[in-house]
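# Tertiary structure, described
Given next are the chains, with one letter for each unit.
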Amino acid sequence: PPPQAGAGAPTGGAAPLSPGAAERDGEGRLRALVCNFVKEAVAPFFRSRLLDKDQFKTVAKKATDKIVEAHLQITPQGLEPGADAETWLNASKKKKMQAVVERYVHMARSPGLPLPPSAAS
């Protein structure tokens, strides 16, 4: 007899994520969270016309990449599957990310000049 349609096909929803896909998902969530914060942090510089559109995009990309890369060196899986984004993005992390953004803004506005002492640390 011919095989029945659906015989041997998996039943239920989507296939479970492979470990690599799960890591990318955690990294993707982390990147989206950081990107949103960085854009909000760079926006005042753009609105006050201290940065043009290209500088805004460059600062946002470089700061996001730097912050995500630094976090992934500590926690390679990105955000844990059950991790709450608001809990992860606490005041201490916001302050550090704001400092990174301000350094990139300074570098975009005056390439080649040293950082001011307050932004150097």
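Residues numbered from 1 in each chain as written. Predicted model: local features only at pLDDT ≥ 70, side-chain atom pairs only at ≥ 80, totals over all residues. Heavy atoms only, no water.

### What about the confidence of the model for the protein?
Rules: Confidence of the predictor at the level of single residues is captured by pLDDT, which takes values from 0 to 100. Secondary structure counts use DSSP, requiring at least four H or I residues in a row for a helix and at least two E residues in a row for a strand, with both numbered from the N terminus. Residues are treated as being in contact if the distance between any of their heavy atoms lies within 4.5 Å.
Here the protein averages 80 in pLDDT, and 72% of its residues register 70 or above. Summarising per-element confidence for the protein, the mean pLDDT is lowest in helix α3 (residues 85-88) (81) and highest in helix α2 (residues 53-74) (95). Between residues 6-19, whose pLDDT stays under 50, and residues either more than four places distant or in other chains, the model counts 1 contact.

### Description of the layout of surface pockets
This is how the line gets drawn: Only protein atoms enter the 1 Å grid, on which a cavity is a set of points fitting a 1.4 Å probe that cannot get out and a pocket is an open set with protein on both sides within 12 Å along at least 5 of 7 lines, lining residues being those with an atom within 4 Å of a point. Grid points are joined across faces, edges and corners, and a volume is the space filled by probe spheres set on the points. In the scheme used here, Gly and all other residues not listed as nonpolar or charged are polar, with Ala, Val, Leu, Ile, Met, Phe, Trp, Tyr, Cys and Pro taken as nonpolar and Asp, Glu, Lys and Arg as charged.
Taken as a whole, the largest pocket spans an internal volume of roughly 310 Å³. Every residue along the wall of the largest pocket is listed here: K66, I67, A70, H71, I74, W88, N90, S92, K93, K96, M97 and V100. Elements supplying a minimum of two residues to the lining of the largest pocket: α2 and α4 (91-109). Of the residues that constitute the lining of the largest pocket, the class distribution is 6 nonpolar, 3 polar and 3 charged.

### So, the packing of aromatic side chains
Here is the rule we go by: Stacked, tilted and edge-to-face are the three classes assigned to paired rings of Phe, Tyr and Trp, where Trp is represented by its six-membered ring and a pair needs centres within 6.5 Å; plane angles under 30 degrees give stacked, over 60 edge-to-face, the rest tilted. Note on exposure labels: buried denotes an accessible area under 20% of the residue type's maximum, exposed denotes more than 50%, and partly exposed covers the range between, all computed with a 1.4 Å probe on protein chains only.
The final tally for this structure, using the stated rule, is 1 aromatic pair. Ring centres of F46 and F56 lie 5.4 Å apart, and the angle between their planes is 55 degrees; on these two criteria the pair is classed as tilted. Residue F46 is located in helix α1 (residues 19-47), and its partner F56 is located in helix α2; the two are separated by 10 residues in the primary sequence. The exposure class of F56 is buried, given its relative accessible area of 18%.

### A look at the environment of M97
Turning to its location among the elements, M97 is positioned in helix α4. Overall, the relative accessible area of 4% leaves M97 in the buried class. The spatial distance from the C-alpha of M97 to the C-alpha of A41 is 8.8 Å, given a sequence separation of 56 residues. Ignoring sequence-local partners within four residues, the contact set of M97 consists of V34, F37, I67 and L89.

### What about the nonpolar core?
The following threshold applies: The set of buried Ala, Val, Leu, Ile, Met, Phe, Trp, Tyr and Cys residues whose side-chain atoms join them within 4.5 Å is what this entry labels a nonpolar core.
L30, V34, V38, V42, W88 and V101 are the most contacted members of the largest nonpolar core, which totals 22 residues. Contributing elements (two or more residues each) for this core: α1, α2 and α4.

### Here we look at the side chain of T64
Within the secondary structure, T64 sits in helix α2. A relative accessible area of 5% places T64 in the buried class. Those residues in contact with T64 that sit more than four places away from it in its chain are R31, V34, C35 and V38.

### Thoughts on the packing of α2 against α4
How we decide: Here an axis means a line fitted to C-alpha atoms, over the contact stretch when the element is a helix, while the angle between two N-to-C directions is reported on a 0 to 180 degree scale. Angles below 35 degrees are treated as roughly parallel, those above 145 as roughly antiparallel, those between 65 and 115 as roughly perpendicular, and all remaining angles as oblique. For any helix crossing, the convention is left-handed if the near helix is rotated counterclockwise from the far helix by under a right angle, and right-handed if that rotation is clockwise.
One way to put it is that α2 packs onto α4 with a least axis distance of 9 Å and a crossing angle of 140 degrees. One element, α2, and the other, α4, form an angle in the oblique class. By crossing handedness, the relation of α2 to α4 is classed as right-handed. Note on element contacts: α4 touches α2 through M97, V100, V101, Y104, V105, A108 and R109, opposite Q55, V59, K62, A63, K66 and I67. Class assignment of the residues belonging to the contact of α2 with α4 gives a composition of 9 nonpolar, 1 polar and 3 charged.

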